[in-house]
Amino acid sequence: MAARLSSAAGRQDHEHRRAAVSSVRRVTEETATPATTEPTLDEVVALCKRRGFIFPSSETYGGVGSTYDYGHYGVLLKNNVKAEWWRSMLQERDDIVAIDSAIIQHPRVWEASGHLAGFTDPLVDCRTCKLRFRADKLEDAQCGRKPSKRPGEGPDCELTDAREFNLMFETHVGPVVDSASVAYLRPETAQGIFINFKNVLQFARVKPPFGIAQIGKSFRNEITTGNFIFRTREFEQMEMEFFVPPAEAERWHQHWMDERMRWYTDLGIRPDNLMLRPHGADELSHYSSATSDIEYRFPMGFSELEGIANRGDFDLTQHAQHSGEKLEYFDQQTKERYVPHVIEPAAGVDRAMLAFIVDAYDTEEVEGRQRTVLRLHPRIAPVKVGVLPLVSKEGMPDRAREIFESIRGRIPAEFDEGGSIGKRYRRQDEIGTPWGVTVDGQTLEDDTVTLRDRDSLEQVRVPVDGLADALEVRLTEPWRSPKLSD
Ligand code: GAP
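Residues numbered from 1 in each chain as written. Predicted model: local features only at pLDDT ≥ 70, side-chain atom pairs only at ≥ 80, totals over all residues. Heavy atoms only, no water.

**Focus on the pattern of salt bridges**
Next up, step 1: Within the structure shown, the criterion is met by 51 salt bridges.
Next up, step 2: Arg51 is paired through a salt bridge with Glu430; the nearest N and O atoms lie 2.8 Å apart. With Arg51 in the loop between helix H2 (41-50) and strand E2 (54-56) and Glu430 in helix H12 (residues 421-430), the pair connects residues that are 379 residues apart, well separated along the chain.
Next up, step 3: Using a relative accessible area of 9% as the deciding quantity, one classes Glu430 as buried.
Next up, step 4: Among the ionic pairs, Glu259 bridges to Arg262, the shortest N-O distance being 3.2 Å. Pair noted here: Glu259 and Arg262 are both in helix H8 (residues 249-266), with a separation of three residues, about one helical turn.
Next up, step 5: Salt bridges sharing common partners tie together Asp362, Glu364, Arg371, Arg375, Arg426, Asp429, Arg452, Arg454 and Asp455. (Salt bridge = Lys/Arg side-chain N within 4 Å of Asp/Glu carboxyl O. Helix = DSSP H or I, 4+ residues; strand = E, 2+ residues; numbered from the N terminus. Buried < 20%, exposed > 50% of the residue type's maximum accessible area, 1.4 Å probe, protein only.)

Okay, structure coming up:
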């Protein structure tokens, strides 16, 4: 079972440091009229571009369909999401180990896993507009001709019969391009875990129930992409394969559904925007005996965020048969030999990011002006604190920079001196920075600064000595989305 870290020591430390931050005076400069609205996908895309989170890839060459580049804040947010996943897998438990396997694996891996034969979507071509569509998703697609209609509905549409299209990207390994050099970019990170089962068993001194976790890029030549970073051809996955005695599989499946739902809500996603949806028998993947999807209420409706599957012994048995290597566990105590069953929580990094951004996006009126704010959980916010001189004179920028230099080693911070203070607050709000430190005239007299809270807009005065402590305390405090109604 999972061994939860004791937080008692952390709590004590936290209370001690909180007491040190004593001199507090409230100064509220901004008052907000809450008007929480849910964003459209276009608004999210616009904010991500405006603030340098995510850009369409290869824009200088006209773009390349559905691929995206992550800018500075996108990288920081993505890293924080991945770090929180690793923390939940490795730091908060002691029954999971990490791996980082190769993207290009032996082609027979994909034969054994069933991807070569079965990782397909039904494809139809339109002979008129030359576009291609997923035959099972025609209701979500648009014909290439105007006025826009569903494929097959226009008078000139001429759809071919459906044929199966393999989603794996093919490449060649080495200088000779022939059938012997064919290889594939991995369509999931999971197989790199199964083919390392024996190595991990041998070298990591683990026994079932135990897990192997991996984060990495996967590639799928999706017929239909779209909805921004929701479905792309190149994306990152966070997958964990949990190996259990067969009789315990159902119990662990339930455990991982609960744990993974909790991960999202702990990081601030509103529970009403999440749901667990069991797959019907006709939707199950070839390897799965039971799967439930965690779905999120994206702007285009509830859609899959993560799948939690009971893969049974499918993968280990397949790889054992194809490689001739025994992939099983021998229990020294019971003298029992068995092929462990696998429970797999499989999440998408990019999709999780999109859900965190959508859930956090908010607009409200502040003193007659609209402000857009990303109410991200402070633990995943790209920058934790902006350090801002009130004005660009009277020594404030220099003092602000000194303060920034003194705290940046302890907490991710940003120094921001260009433009009016109001504009700089709005900028930090839009990138989701939970706290702002403002250096003003009083700072130069008594060495205190104002600490502004992104969500409540409350400002308190704190001494510079102890500022990093005050911020660290806030970062470890429980956090609840202000968008949640009581
Ligand atoms: N190993 C099991 C597996 O790969 P999956 O449901 O196909 O299962 C897991 O993928 C997760 O990966 C999905 O829930 C989703 O978050 C993400 N994902 C899958 N295809 C994606 C795509 N084309 N673009 C972005 N994310 C994708």
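Now that the structure has been shown, the text picks up again.
**Concerning the site of the ligand**
Next up, step 1: Within the structure, the ligand sits among 21 residues, and Glu188, Glu222, Thr232, Glu239 and Glu304 are positioned closest to it.
Next up, step 2: Separating an oxygen atom of the ligand from a side-chain N or O atom of Arg220 is a distance of 2.8 Å.
Next up, step 3: At 3.0 Å, a side-chain N or O of Gln237 approaches an oxygen atom of the ligand.
Next up, step 4: For the ligand, whose accessible area on its own is 560 Å², the fraction buried by protein is 91%.
Next up, step 5: Residue contributions to the shell around the ligand peak at five residues, all from strand E14 (residues 301-312).
Next up, step 6: Taken together, the residues of the shell around the ligand sort by class into seven nonpolar, four polar and 10 charged. (Near = heavy atom within 4 Å. Polar contact = N/O pair within 3.5 Å; in protein donor to acceptor, adjacent residues only side chain to side chain. Areas by Shrake-Rupley, 256 points an atom, 1.4 Å probe, with all protein chains shown as cover. Nonpolar A, V, L, I, M, F, W, Y, C, P; charged D, E, K, R; others polar.)

**Some words on the sheet that holds strand E7 (residues 163-166)**
Next up, step 1: Strand order in the open sheet made by the three strands is E6-E5-E7, with antiparallel pairing throughout. The outermost strands of the open sheet, each flanked by one partner alone, are strand E6 (132-134) and E7. Strand after strand, the sheet turns through a mean of 50° between neighbouring axes, direction not considered.
Next up, step 2: For strand E5 (residues 120-125) and E6, the ladder comprises three bridges, and the chain directions are antiparallel. In the strand pairing of E6, Asp125 is matched with Arg132. (Pairing = 2+ DSSP bridges. Axes fitted to C-alpha atoms, helices over the stretch in contact; angles between N-to-C directions.)

**As for the sheet that holds strand E20 (residues 385-389)**
Whether parallel or antiparallel, the strands of a sheet pair through hydrogen bonds between backbone atoms.
Next up, step 1: Strands sit in the order E21-E20-E22-E23-E24 across an open sheet of five strands; the sheet is mixed. With partners counted over all chains shown, the strands left at the sheet margins are strand E21 (413-415) and strand E24 (459-463), one partner each. Neighbour-to-neighbour, the strand axes of this sheet turn through a mean angle of 25°, independent of strand direction.
Next up, step 2: The pairing of E20 with E21 spans three bridges and is classified as parallel. Bridge pairing links Gly386 to Glu414 in E21.

**Considerations on the packing of helix H3 (residues 72-91) against helix H10 (residues 349-360)**
Next up, step 1: Contact geometry of H3 with H10 gives a least axis separation of 10 Å together with a crossing angle of 105°. On the basis of their axis angle, the class for H3 and H10 is roughly perpendicular. Between H3, through Gly74, Leu77, Lys78, Val81 and Lys82, and H10, the contact on the second element is made entirely by Val349, Asp350, Ala352, Met353, Phe356 and Ile357.
Next up, step 2: Considering only residue class, the contact of H3 with H10 consists of seven nonpolar, one polar and three charged. (Parallel < 35°, antiparallel > 145°, perpendicular 65-115°, else oblique. Contact = heavy atoms within 4.5 Å.)

**Focus on the confidence of the model for the protein**
Next up, step 1: Taken as a whole, the protein shows an average pLDDT of 90; of its residues, 92% reach a score of 70 or greater.
Next up, step 2: Scored below 50 in pLDDT, residues 1-29 makes 44 contacts in the model with residues more than four places away or belonging to other chains. (pLDDT = per-residue confidence, 0-100.)

**Some points on the packing of aromatic side chains**
For any pair of aromatic rings, the description rests on two quantities: the centre-to-centre distance and the angle between the ring planes.
Next up, step 1: For the structure shown, the criterion picks out 16 aromatic pairs.
Next up, step 2: Summarising the aromatic geometry, the rings of Phe197 and Phe210 are spaced 6.3 Å apart at their centres and angled 25° between planes, so their arrangement reads as stacked. One end of the pair, Phe197, is in helix H7 (residues 197-203); the other, Phe210, is in strand E10 (residues 210-219), with 13 residues separating them in the sequence.
Next up, step 3: Accessibility expressed as a relative area gives 1% for Phe197, which makes it buried.
Next up, step 4: Taken together, the ring pairs in this structure connect Phe194, Phe197, Phe210 and Phe243 into an aromatic cluster.
Next up, step 5: In this structure, Arg311 is placed above the aromatic ring of Tyr287, and the distance from its NZ or CZ to the ring centre is 3.5 Å.
Next up, step 6: Cation over ring: Arg452 sits above Tyr425, and NZ or CZ is 4.2 Å from the ring centre. (Phe/Tyr/Trp six-rings, centres within 6.5 Å; stacked < 30°, edge-to-face > 60°. Lys NZ or Arg CZ within 6 Å of the ring centre and 35° of its normal.)

**Details of helix H11 (residues 396-407)**
Next up, step 1: Under the 1.5 Å per step criterion, the end-to-end length of H11 is 17 Å for 12 residues, consistent within 8% with the ideal 16 Å.
Next up, step 2: Of the residues making up H11, those classed as buried are Met396, Pro397, Arg399, Ala400, Ile403, Phe404 and Ile407. In a view along the axis of H11, the buried residues occupy a sector of 165°, so they form one face of it.
Next up, step 3: The inward-facing, buried residues of H11 abut E20, E21, strand E22 (435-439), helix H13 (441-446), strand E23 (448-453) and helix H14 (467-476). (Expected span 1.5 Å × (residues − 1). Arc of directions from axis to C-beta.)

**Things to note about the nonpolar core**
Next up, step 1: The biggest cluster of nonpolar side chains holds 54 residues, and the ones touching the most others in it are Val81, Met238, Trp256, Tyr264, Leu354 and Phe356.
Next up, step 2: Those residues in contact with Tyr264 that lie beyond four places of it in its chain are Ile269, Leu274, Ile294, Leu305, Glu306, Ala347, Ala352 and Phe356.
Next up, step 3: Membership of the second largest hydrophobic core comes to 20 residues, among which are Ile403, Phe404, Ile407 and Val464. (Core = buried A, V, L, I, M, F, W, Y, C linked by side-chain atoms within 4.5 Å.)

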